[in-house]
Amino acid sequence: MNFKIIVDSCCDLTDEIRNKFDISTAPLSIDIGDKHFVDDENLDREALLAEMRNHNQAPKTASPGPGRFLDLYKKYENIFVVTLSKELSATYQNAVLAKNMLVEESENKFIKVFNSFSASVGETMIAYKLGELIESGLKKGEIIEKTEEYIAGMQTLFVLDSLDNLIKAGRMGKLKGKIASFFNIKPVLGATPEGTITLVDKARGSKRAIRKLVDKIGEKGEKLEEKVLGIAHCNALEKAEYIKKQAAQKYNFRKIIILETAGISTVYANEGGIVIAF
């Protein structure tokens, strides 16, 4: 049976992964002031970052409406969908709404929507897992079971170099943010089992925060020899390569992948941000 994988654009992808597993994307959009960005293959990420630096307000993001998903669903018969955590975006609800609309019309259509309980490279790792399960020739029920098991055990962690968007969006008080910035405090953040964001640790300085991030892999990871480590970065390739080198020395991942953040992940991570998932 042929299966199609569809993701939203917070799922960071390389051309290699997209082509290998034939992944299609429903794009979100980003508004900053009077500038509108569509998070697709034509996005100018450097222009997005420049607009983020030049505005006092946080970027406003909009999920793809049900129509975006419907257009994709109509092209395929057997579909797996991976979306942003439903606690962070309406994307999951819109993907499910589109599914319900279409399945009513066509009983032969199969669509399974997975809530990633994550974002960025967390979505990537789920899509990657799906691709491997499909390649192995499993039936749809087995693919669903193994993917849900993978999501339940997946860890997503990230280190932000800039707290600007957290402060602008009201997720961190201005005074607390200024104090953290003044003392060069870098938070190590993670996804909760419910798909929200939580403070995992903190360190003074980016290098120490990155070292703590690497240490957290050992604290939180299980059966790493069976897993792929995904590392997404926003203009921070040197940090990503350091994490890859350290993780390869300390742990036994079967594969480590480095990706650049796309538009929505760039809004979350900001310049210098790192997101990992495994």
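Heads up: the structure comes first, above all this text.
Because the structure is a prediction, the values reported are computed rather than measured.

Caption draft 1: The arrangement of the packing of aromatic side chains in detail. In the structure shown here, the tally under the stated rule is eight aromatic pairs. Here phenylalanine 69 and tyrosine 73 contribute two aromatic rings whose centre-to-centre distance is 6.0 Å and whose plane-to-plane angle is 40°, an arrangement assigned as tilted. On the criterion of helical spacing, the pair formed by phenylalanine 69 and tyrosine 73 is a turn pair, its members being four residues apart in helix 3 (residues 66-73). You can call tyrosine 73 buried: its relative accessible area is 0%. Taking the centre distance of 5.9 Å and the plane angle of 70° together, the rings of phenylalanine 253 and phenylalanine 278 count as edge-to-face. With phenylalanine 253 in the loop between helix 10 (237-250) and strand 12 (255-260) and phenylalanine 278 in the segment after strand 13 (274-277), this residue pair connects regions lying 25 residues apart in the sequence. The exposure class assigned to phenylalanine 253 is buried, which follows from its relative accessible area of 10%. Following the ring pairs from residue to residue traces out a cluster consisting of Phe3, Phe80, Phe110 and Phe114. Between the NZ or CZ atom of lysine 112 and the centre of the ring of phenylalanine 114, over which it lies, the distance is 5.4 Å.

Caption draft 2: Region of the structure containing empty space enclosed by the protein. Under the defined criterion, the tally for this structure stands at one cavity of 30 Å³ or more. Considered as a void within the structure, the largest cavity measures approximately 150 Å³ in volume. Lining the largest cavity are 14 residues, with Leu88, Ala119, Phe158, Ile197 and Tyr268 sitting closest to its centre. Secondary structure elements with two or more residues in the lining of the largest cavity: strand 8 (156-159) and helix 11 (263-269). Broken down by element, the lining of the largest cavity gets its largest block of residues, three residues, from helix 11. By residue class, the composition of the lining of the largest cavity is eight nonpolar, six polar and no charged.

Caption draft 3: Region of interest: the pattern of salt bridges. Enumeration over the complete set of coordinates arrives at 13 salt bridges. Here lysine 112 makes a salt bridge to glutamate 148, at a shortest N to O gap of 3.3 Å. Taken together, the residues span a long stretch of sequence, with lysine 112 in strand 7 (residues 110-115) and glutamate 148 in helix 6 (residues 140-153) at a distance of 36 residues. The partner of aspartate 161 in a salt bridge is lysine 186, and the shortest N-O contact between them spans 3.7 Å. In this pair, aspartate 161 sits in the loop between strand 8 and helix 7 (164-168) while lysine 186 sits in strand 9 (residues 185-191), placing the two residues 25 residues apart along the sequence. Its relative accessible area of 31% is what places aspartate 161 among the partly exposed residues. With relative accessibility at 11%, the residue lysine 186 sits in the buried group.

Caption draft 4: Expanded view of the layout of surface pockets. Here the largest pocket defines a volume of roughly 550 Å³. Along its surface, the largest pocket is lined by 20 residues, and Leu13, Arg18, Asp40, Glu41 and Ala262 are the ones closest to its centre. Elements that contribute at least two residues to the lining of the largest pocket include exactly helix 1 (15-20) and strand 12. Counted by class, the lining of the largest pocket contains six nonpolar, five polar and nine charged residues.

Conventions we followed
- Residues numbered from 1 in each chain as written.
- Predicted model: local features only at pLDDT ≥ 70, side-chain atom pairs only at ≥ 80, totals over all residues.
- Heavy atoms only, no water.
- Phe/Tyr/Trp six-rings, centres within 6.5 Å; stacked < 30°, edge-to-face > 60°.
- Helix = DSSP H or I, 4+ residues; strand = E, 2+ residues; numbered from the N terminus.
- Buried < 20%, exposed > 50% of the residue type's maximum accessible area, 1.4 Å probe, protein only.
- Lys NZ or Arg CZ within 6 Å of the ring centre and 35° of its normal.
- 1 Å grid on protein atoms, 1.4 Å probe; cavity = no way out; pocket = protein on both sides within 12 Å on 5 of 7 lines; lining within 4 Å.
- Points joined across faces, edges and corners; volume = space filled by probe spheres on them.
- Nonpolar A, V, L, I, M, F, W, Y, C, P; charged D, E, K, R; others polar.
- Salt bridge = Lys/Arg side-chain N within 4 Å of Asp/Glu carboxyl O.

That is the geometry; function is a separate question.
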